[in-house]
2 protein chains.
Amino acid sequence: MATVAVLSIGNELLKGNTINTNLAYIARELTSRGHSVVAAMEVNDNEYEICSGLKYLMGKAQCIITTGGLGPTFDDMTIRSISACLGLQYGSNPEALELVKGRLPRNAEMTEERKKMAFFPDGGVPIPNNVGTAPGLYLKHGENVILSFPGVPKEMEPMLISSIDKIPASSVSYYQESVFLEGIYESIFAPVIERLMSYYRGRVYIKSHPKSDGSNEGFLEIEVSSYSRASDESKALVKEVLSQVVKIASEMGGSVKYPGKDSGI
Amino acid sequence: MATVAVLSIGNELLKGNTINTNLAYIARELTSRGHSVVAAMEVNDNEYEICSGLKYLMGKAQCIITTGGLGPTFDDMTIRSISACLGLQYGSNPEALELVKGRLPRNAEMTEERKKMAFFPDGGVPIPNNVGTAPGLYLKHGENVILSFPGVPKEMEPMLISSIDKIPASSVSYYQESVFLEGIYESIFAPVIERLMSYYRGRVYIKSHPKSDGSNEGFLEIEVSSYSRASDESKALVKEVLSQVVKIASEMGGSVKYPGKDSGI
């Protein structure tokens with residue numbers, strides 16, 4: 001299991017024009033493969049802040065994934081910032097330039113702005129982008145692996161999947177499922193959760209989320225998850241704990257509103 | 001104008017089960033009031049990571065807004081973590097306890113878990129929660145202001161608005177509007193944006209976003225924004241720049257796909 005951190009770059013995220021759905025997508029894909037996302041950060045299009053955030057996250061995680069700032073405009077500065085931040089030479093990468101050329105519309109000129117999308121740090125390897133123009137970056141730097149993708153989700157998503165095996169391999173799998181209870185208050189059920197987690201000694205993680213469907217009576221999601229070496233094992237363990245949760249809840253006067261829901265991870 | 005940073009707390013954000021819409025909401029509300037959101041971070045329910053993130057963001061911004069981790073369960077640890085991180089005494093706050101009591105359903109017991117929602121740092125002032133149970137926290141610490149809200153959006157949103165004047169006042173307003181162009185490539189238009197920004201000498205900020213509506217031909221959003229002392233002034237300036245953008249684009253063979261759109265900020 002690799003530890004991973006996500007750095008999302010773009011003024012639109014900190015003005016609130018764009019909701020950072022990329023973070024949730026990346027986190028789901030990595031969690032389901034047994035990796036652990038330990039921190040995430042959003043920064044503006046600012047070389048100093050990109051470097052500051054990158055260094056913070058490199059101290060937290062083995063692998064850093066960045067999104068945004070790979071395009072042709074002056075405020076697309078992710079790869080330049082990473083290069084300067086890590087003290088790496090930055091210049092035109094022949095392989096990246098071929099990728100950019102291959103994505104240009106017929107008769108389109110190779111402008112300075114387009115050339116910029118092929119500027120990479122020494123040691124950087126381009127990741128093909130089959131939807132947009134700007135290639136992504138794969139960079140090994142000491143103990144860290146850095147992967148940089150565009151911010152447009154339909155470009156980022158296939159690029160993440162195509163390069164996901166560049167993240168140090170994991171032999172751990174993850175399973176998660178929820179049950180939805182009614183007639184039970186979160187604060188009343190809290191000691192039950194603590195007892196169950198202590199009984200299972202860290203092999204499962206249980207979390208409650210109060211929910212509402214708009215009616216006066218709220219309900220309670222109990223989410224159970226487990227990491228394990230064998231995926232059958234984590235699933236069986238989660239199912240076992242969920243049946244305990246339902247049994248104890250009904251003894252306390254609660255009932256199941258919706259049955260167990262595999263959260264799709 | 002205050003500088004603001006947002007710390008979003010909760011495992012669900014870094015597993016990808018929850019999209020961090022709170023960040024976008026907070027960023028929009030603050031930006032529209034002339035504040036500047038300079039950084040944001042997501043961390044897991046982990047006392048050490050909460051403290052580490054808090055300290056990082058306190059070095060970046062005057063005001064820190066946290067979301068999540070105020071509830072009754074063992075993994076709700078935001079206020080305890082902030083208190084420990086800043087070396088503040090942490091204990092039951094009489095005013096907060098009254099707020100919690102006032103929100104309990106009739107005949108509900110005051111359990112240890114519910115009492116915990118009234119545990120505050122020395123100097124902390126509770127913010128009423130008229131939707132859920134857990135009060136928010138307002139804390140002045142040296143030069144910094146910390147505001148902590150629940151993670152549930154329908155609780156957080158009214159609490160943010162009700163306490164927004166605790167953020168150091170701003171005499172700056174912000175206006176933003178976009179125009180959508182077709183027949184123009186982002187990389188071709190990039191030098192135009194640079195020239196316009198340089199002509200207006202930092203009084204406007206122009207950003208391009210390639211967009212797609214699912215057809216083969218993409219289009220280009222040009223977003224123009226401005227901070228100014230008088231809100232009329234920033235609006236007039238943005239309108240002037242947008243008309244320049246449309247004029248230059250049409251000289252280059254492009255056209256307007258959708259007219260100017262006030263982004264609602």
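Definitions and cut-offs
Residues numbered from 1 in each chain as written. Chains lettered and ligands numbered in written order. Predicted model: local features only at pLDDT ≥ 70, side-chain atom pairs only at ≥ 80, totals over all residues. Helix = DSSP H or I, 4+ residues; strand = E, 2+ residues; numbered from the N terminus. Buried ≥ 20, exposed ≤ 12 C-beta atoms within 10 Å, placed from the backbone. Least-squares fit on C-alpha atoms with pLDDT ≥ 70 in both. Contact = placed C-beta atoms within 7 Å. Nonpolar A, V, L, I, M, F, W, Y, C, P; charged D, E, K, R; others polar. Pairing = 2+ DSSP bridges. Axes fitted to C-alpha atoms, helices over the stretch in contact; angles between N-to-C directions. Parallel < 35°, antiparallel > 145°, perpendicular 65-115°, else oblique. Left-handed = near helix turned anticlockwise from the far one by under 90°. Expected span 1.5 Å × (residues − 1). Arc of directions from axis to C-beta.

Caption draft 1: Expanded view of the overall build of chain A. Scanning chain A from terminus to terminus reveals nine helices and twelve strands. Burial status across chain A gives 47% buried among its 265 residues.

Caption draft 2: Broad picture of the relation of the copies chain A and chain B. In screw terms, the move from chain A to chain B is a rotation of 180 degrees and a rise of 0.0 Å along the axis, fitting with an RMSD of 0.0 Å. These values place the two chain copies in the arrangement generated by a two-fold rotation axis. Of every C-alpha in chain A, the one belonging to A:Met41 sits nearest the axis of rotation, 2.1 Å from it.

Caption draft 3: Spotlight on the interface of chain A and chain B. With 45 residues of chain A in contact, the opposing surface of chain B contributes 46 residues. Those elements that place two or more of their residues in the side of chain A that touches chain B are helix H1 (11–15), helix H2 (21–32), strand E2 (36–43), helix H3 (47–58), helix H6 (112–116), helix H8 (186–199) and strand E10 (205–211) of chain A. Residue composition of the side of chain A that touches chain B, grouped by class: 21 nonpolar, 14 polar and ten charged. Strand direction decides the pairing type here: E2(A) and strand E2 (residues 36–43) of chain B, joined by five bridges, are antiparallel. Considered in E2(B), the bridge of A:Met41 is made with B:Met41.

Caption draft 4: Structural detail: the packing of helix H2 (residues 21–32) of chain B against helix H7 (residues 153–162) of chain B. Residue and element names in this part refer to chain B. At a minimum axis separation of 11 Å, H2 and H7 run at an interaxial angle of 15 degrees. Comparing the axis directions of H2 and H7 gives the class roughly parallel. In the crossing of H2 with H7, the sense of the turn from one axis to the other is right-handed. Counted together, Thr21, Asn22, Tyr25, Ile26 and Glu29 of H2 and Pro153, Met156, Glu157 and Leu160 of H7 form the full contact between these two elements. Looking at the contact of H2 with H7, its residues break down into five nonpolar, two polar and two charged.

Caption draft 5: Spotlight on the packing of H3(A) against helix H4 (residues 78–85) of chain A. Residue and element names in this part refer to chain A. Relative orientation of the contacting elements H3 and H4 amounts to 60 degrees, with a least axis distance of 9 Å. Judged by the angle between their axes, H3 and H4 are oblique. Crossing of H3 against H4: the hand is right-handed. In contact with Glu47, Ile50, Cys51, Leu54 and Lys55 of H3, H4 contributes Thr78, Ser81, Ile82, Ala84 and Cys85. Broken down by class, the residue content of the contact of H3 with H4 amounts to six nonpolar, two polar and two charged.

Caption draft 6: A look at helix H3 (residues 47–58) of chain B. Residues and elements named next belong to chain B. Look at H3: 16 Å from first C-alpha to last across twelve residues, which is about the 16 Å you get at 1.5 Å a residue. When H3 is considered as a whole, its buried residues turn out to be Ile50, Gly53, Leu54, Leu57 and Met58. The buried residues of H3 occupy an angular sector of 130 degrees when the element is viewed end-on, so they sit on one face. Opposite the packed face of H3, turned more than 90 degrees from it, sit the exposed residues Tyr48 and Lys55. The elements touched by buried residues of H3 are strand E1 (3–9), E2, strand E3 (63–67), helix H4 (78–85) and strand E8 (144–149).

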